[in-house]
Amino acid sequence: MAVAKTQKKRTTKVTGGGVQPKLTKRKAGAAKKTKVKKVKLVKKEEIKGTTALIEREAKPTEQIVTVRRQRVFEKAAVKEEIPRKAVAEPETVASMKLTEIDSREYSPDEYKRLLEMYEGTIKDIKEGEIVAGTVLGVSKNDVIVDVGFKSEGIISLSEFTWPLNIAVGDKIDVYLEEIEDQNGQLILSKQKADFMKVWDGIQDAYDSGELIAGRLVRRVKGGVVVDIMGVDAFLPGSQIALRQVPNFDALINTTLQLKIIKLNKSRRNIVVSRRVVLEEERESKKVTLLKEIAISQVREGIVKNITDFGVFIDLNGVDGLLHITDMSWGRVKHPSEMVSLGDKIMVKILDYDEKTSRISLGLKQLTPYPWENIEEKYPIGKKVTGRVVSITDYGAFIELEKGIEGLIHISEMSWTQHIKHPSKIMNVGDKIDAVVLSVDKDNEKISLGIKQMEPDPWDTIERKYPVGKVVSGKVRNLTAFGTFVELEEGIDGLIHISDMSWTKRVQHPSELMKKGDKIDIKILRIDHENRRISLGYKQLKEDPWPEIAKKYALGSECLGTITRVLDRGVTVELDDEVEGFVPTVQLGKSDLDNPTNAFSDGDQIPLQVVEFDRTAHKIVLSVAAYYENREKAELDRFIADHPTRTVPMSDAIDEKSSNLRSKDYKVSPESPVEDESIADGSPDIPTPEEESPGENRSA
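Residues numbered from 1 in each chain as written. Predicted model: local features only at pLDDT ≥ 70, side-chain atom pairs only at ≥ 80, totals over all residues. Heavy atoms only, no water.

## What about the overall build of the protein chain?
Part 1: Helix and strand content of the protein chain: 16 helices and 32 strands.
Part 2: A buried classification covers 39% of the 699 residues belonging to the protein chain.
Part 3: Of all intrachain contacts in the protein chain linking residues separated by at least 6 positions in sequence, the fraction that spans at least 24 positions is 61%. (Helix = DSSP H or I, 4+ residues; strand = E, 2+ residues; numbered from the N terminus. Buried < 20%, exposed > 50% of the residue type's maximum accessible area, 1.4 Å probe, protein only. Contact = heavy atoms within 4.5 Å.)

## Details of the packing of aromatic side chains
Part 1: A full pass over the atoms with the stated rule returns eight aromatic pairs.
Part 2: Judged by centre distance (6.3 Å) and plane angle (85°), the rings of Phe309 and Phe312 are edge-to-face.
Part 3: Between Tyr394 and Phe397, the ring centres sit 6.4 Å apart and the planes meet at 85°, which makes this aromatic pair edge-to-face.
Part 4: Judged by its relative accessible area of 41%, Tyr394 is partly exposed.
Part 5: Joined through ring pairs, the aromatic side chains of Phe599, Tyr626, Tyr627 and Phe638 make up one cluster.
Part 6: The positively charged end of Lys538 is found above the aromatic ring belonging to Trp502, 4.5 Å away from the centroid. (Phe/Tyr/Trp six-rings, centres within 6.5 Å; stacked < 30°, edge-to-face > 60°. Lys NZ or Arg CZ within 6 Å of the ring centre and 35° of its normal.)

## Topic: the sheet that holds strand S26 (residues 518-527)
Sheet strands pair by backbone hydrogen bonding; their relative direction is either parallel or antiparallel.
Part 1: Strand order in this closed barrel of five strands is S23-S24-S25-S27-S26, and the pairing throughout is mixed. Along the sheet, successive strands turn relative to each other by an average axial angle of 50°, direction set aside.
Part 2: One ladder, built from two bridges, connects strand S25 (residues 491-496) with strand S27 (residues 532-536); its direction is parallel. Note that in S27 the partner of Ile495 across the bridge is Leu535. (Pairing = 2+ DSSP bridges. Axes fitted to C-alpha atoms, helices over the stretch in contact; angles between N-to-C directions.)

## Points about the environment of Ala167
Part 1: In this fold, Ala167 is placed in the loop between strand S5 (153-156) and strand S6 (171-178).
Part 2: In this structure Ala167 comes out as partly exposed when scored by relative accessible area, which is 37%.

## So, the pairing of strand S30 (residues 579-583)
Part 1: For S30, a buried count of five out of five residues is recorded, marking the element as mostly surrounded by other parts of the structure.
Part 2: Side-chain alternation along S30 places Glu579, Phe581 and Pro583 on one buried face and Gly580 and Val582 on a second face that is also buried.
Part 3: Here strand S29 (residues 569-573) runs beside S30; their pairing, made up of five bridges, is antiparallel. Residue pairing for S30: Val572 is matched across the bridge by Gly580.

## With respect to helix H8 (residues 190-208)
Part 1: Its 19 residues give H8 an end-to-end C-alpha distance of 27 Å, which sits within 8% of 27 Å, the value for a rise of 1.5 Å per residue.
Part 2: The sharpest bend along H8 comes to roughly 50°, located at Val198.
Part 3: Within H8 the residues assigned to the buried category are Lys190, Ala193, Asp194, Phe195, Val198, Trp199, Ile202 and Ala205.
Part 4: For H8, the N-terminal capping position is held by Ser189, with its side-chain oxygen 3.1 Å away from the main-chain nitrogen of Lys192.
Part 5: Among the residues trailing H8, Gly209 stands out with phi positive, at a value near 75°. (Expected span 1.5 Å × (residues − 1). Bend = angle between axes of the 7 residues up to and from the residue. Polar contact = N/O pair within 3.5 Å; in protein donor to acceptor, adjacent residues only side chain to side chain.)

## Let's talk about a nonpolar patch on the surface
Part 1: Together, Leu136, Ile144 and Ile154 line one region of the surface with nonpolar side chains, adding up to about 240 Å² of accessible area.
Part 2: For Leu136, the location among the structural elements is in strand S3 (residues 130-138). (Patch = residues over 30% accessible without salt bridge, like charges linked within 9 Å, V, L, I, M, F, W, Y side chains within 5 Å. Areas by Shrake-Rupley, 256 points an atom, 1.4 Å probe, with all protein chains shown as cover. Salt bridge = Lys/Arg side-chain N within 4 Å of Asp/Glu carboxyl O.)

## Looking at a negative patch on the surface
Part 1: Taken together, the side chains of Asp200, Asp204, Asp207 and Glu210 present a region of like negative charge at the surface.
Part 2: Examined against the element boundaries, Glu210 turns out to sit in the loop between H8 and strand S8 (212-220). (Lys, Arg positive; Asp, Glu negative; His and termini not counted. Charge placed at Lys NZ, Arg CZ, Asp CG, Glu CD.)

## Observations regarding unusual backbone geometry
Part 1: The backbone phi angle of Glu444 is positive, close to 55°, even though this residue is not glycine.
Part 2: You can see Glu444 is positioned in the loop between strand S21 (431-440) and strand S22 (445-449).
Part 3: At Arg531, a position not held by glycine, the phi torsion is positive, near 55°.
Part 4: Mapped onto the fold, Arg531 is located in the loop between S26 and S27.

Structure below.
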């Protein structure tokens, strides 16, 4: 029955004494222990048939009216404007039974009035609507809210914006999701209520593309949560700025103008972007700037990005490149030495390409050109002081002032020392005194020298080492063309290989001396301009060739010992350590193509002088000339003593290759004199390029 169904949903108890107020939790628990009969409503037809029975059961109870029940009746009568008499003597209702404690029954009209009184204390609320509520309590994790229903609702603190600003008694709007869950609890939501209230405004902003203010609340994975009109929205990290933001935490609690780029009402998903706003602003500023920009214009910019080759400057919407070479007149290793991200600096427009919109900027152009009047500022011969800023293999760069650097070449570092690398005598950051040697304004170069701070020992070298003087020195280095001898610290001289012996053809200086030996030498020549000293070793003895010329005149006969066998002849040693040369055709064997097939080192052969050149110190000898005026039998015995041997082809090739290699450094008496210095006995000193690595140019 409809009336009975409605009765089950009501929680207010009806007794014979009137309407009781809503029970507290404690009283409700106690009331469960009392057995209560269900109120039974019957139809009017059934009431007539059972009137007599109900009257007999109700008569004893009608006479029981307690003082407490009387007060309840009186209050109800005043509220419902029921006459006093009716309250004092309630009518008998046959269709309703009271509890076992009080069997008073009410008429349908009385019951209806009681229901209306109860329903007046409960608000008419529906699911899916926003309702007003009052905060009853705030706990560690939840907020208890009363919305005027039979029970309170609980909302998690996570749904309230931070910092939390809520107290007991505050009026808030909440969204009613469910009137009653499985636990009989109201399901409320603060976030959904906020979302529903501002949704229309958010939808309008999204449709029109208008900007909306948002406060960055907290950082989450992939971006930042933004508070927009009390609703949480998501700002992705890629949409915060035009370039990647290294630290999102620095933006928390800041308010930005944002644009909604994605909206989903059912999922309450709002995605906003700051980058879109910045791009639109940049494009607008770019159009304006490109109309105003001009070469040689000075503008303010913000350092946007730093690279190894330069700095990108934001010129109010347009980026320009400040190359590292245009940052300072001086030396800059990295742009970060001069600027930092976010710095505001003044720059000059050097170039602008309208097609590509590329802008070249300059910073050093805002200061005067330091090389102007450089000749007057640093004249040749002036003593200056600078700081070492760079060291290379060939010298060191000295900063004289900001933008002005000079080079000290390694050859200008010492008069006497053999400096292999500038780092041996100076380091980066050292202060150095130097002398200006030359100035090249066009190429922005200044040559400096530090050895010029002291007297040049070569100015007095002729007085200290006159030509013809015999001095002592230390063998410092051996080369294929001679020996370097150190006369004193930093002063070297060269003994050419042709000045080592009067009579012997020296193939390498190591045949006569070794490194570290102390030897006596003679000063032959001083080249002051090229700072070279020529020394002689054989000149310590008198020239024996005048006597040799008498002893080995043309036609004279002698005995020689073979010292070297070559493909074009043999070298022999005569008396007094004099060497001579016998060509192949003069060895007395007409069928001999290669002397190595018939002769060996150490063989003694008879000889006759056929050519003598005193100037070239060359003696040519012949076996054939020796036997020319002798018996044929003697020549036959000589030929028999030196038979021609058959040499395998491979050995012949190896032997020929060996002889060719020997030609690289051996000078035969018969070979033409290509070096004039050997012919006249006054060898030229090799240039520094000819010297072995590590040799000093002063040699």
